[in-house]
Amino acid sequence: MSMPRDPVILLSYVNTLLRDRYPSLTELCKAECVEEAELKAALDAIQYEYDEALNKFV
């Protein structure tokens, strides 16, 4: 499955993957073949940033 394009749905999707499958954003991006910078930029557009300590976008 490809990543959702809607930023709010993307946020939910990515945080779920981080919670359930991946120990870090880097691992998620490698496994899902997604550019980390692009993912961060898409979620930054709706004012969410990756929190490494929590392993989720907040």
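Scroll up a little and you will see the structure.
Predicted model, so just to flag it, every value in this text is computed and none were measured.

Before going further, it helps to spend a moment on unusual backbone geometry. Residues apart from glycine generally show negative phi values, whereas peptide bonds are mostly found in trans. The backbone phi angle of Cys 33 is positive, close to 55°, even though this residue is not glycine. By the element assignment, Cys 33 lies in the loop between helix H2 (25–32) and helix H3 (36–44). Given a relative accessible area of 73%, Cys 33 falls into the exposed group. Positive phi, close to 55°, is recorded for Asn 55, a residue that is not glycine.

Counting 14 residues, the largest nonpolar core has Met 3, Val 14, Leu 28, Leu 39 and Phe 57 as the members making the most contacts within it. At the level of secondary structure, the elements contributing two or more residues to this core comprise helix H1 (7–20), H2 and H3. Setting aside residues up to four positions removed in sequence, Leu 39 forms contacts with Leu 10, Val 14, Leu 25, Leu 28, Cys 29 and Val 34.

Our focus in this paragraph is H2. Here H2 has its buried residues at Leu 25, Leu 28 and Cys 29. The buried residues of H2 occupy an angular sector of 95° when projected down its axis, which confines them to one face. Next to the buried residues of H2 lie H1, H3, strand S1 (50–51) and strand S2 (56–57). Cys 33 lies just past H2 and shows a positive phi near 55°.

How each quantity is defined
Residues numbered from 1 in each chain as written. Predicted model: local features only at pLDDT ≥ 70, side-chain atom pairs only at ≥ 80, totals over all residues. Heavy atoms only, no water. Helix = DSSP H or I, 4+ residues; strand = E, 2+ residues; numbered from the N terminus. Buried < 20%, exposed > 50% of the residue type's maximum accessible area, 1.4 Å probe, protein only. Core = buried A, V, L, I, M, F, W, Y, C linked by side-chain atoms within 4.5 Å. Contact = heavy atoms within 4.5 Å. Arc of directions from axis to C-beta.

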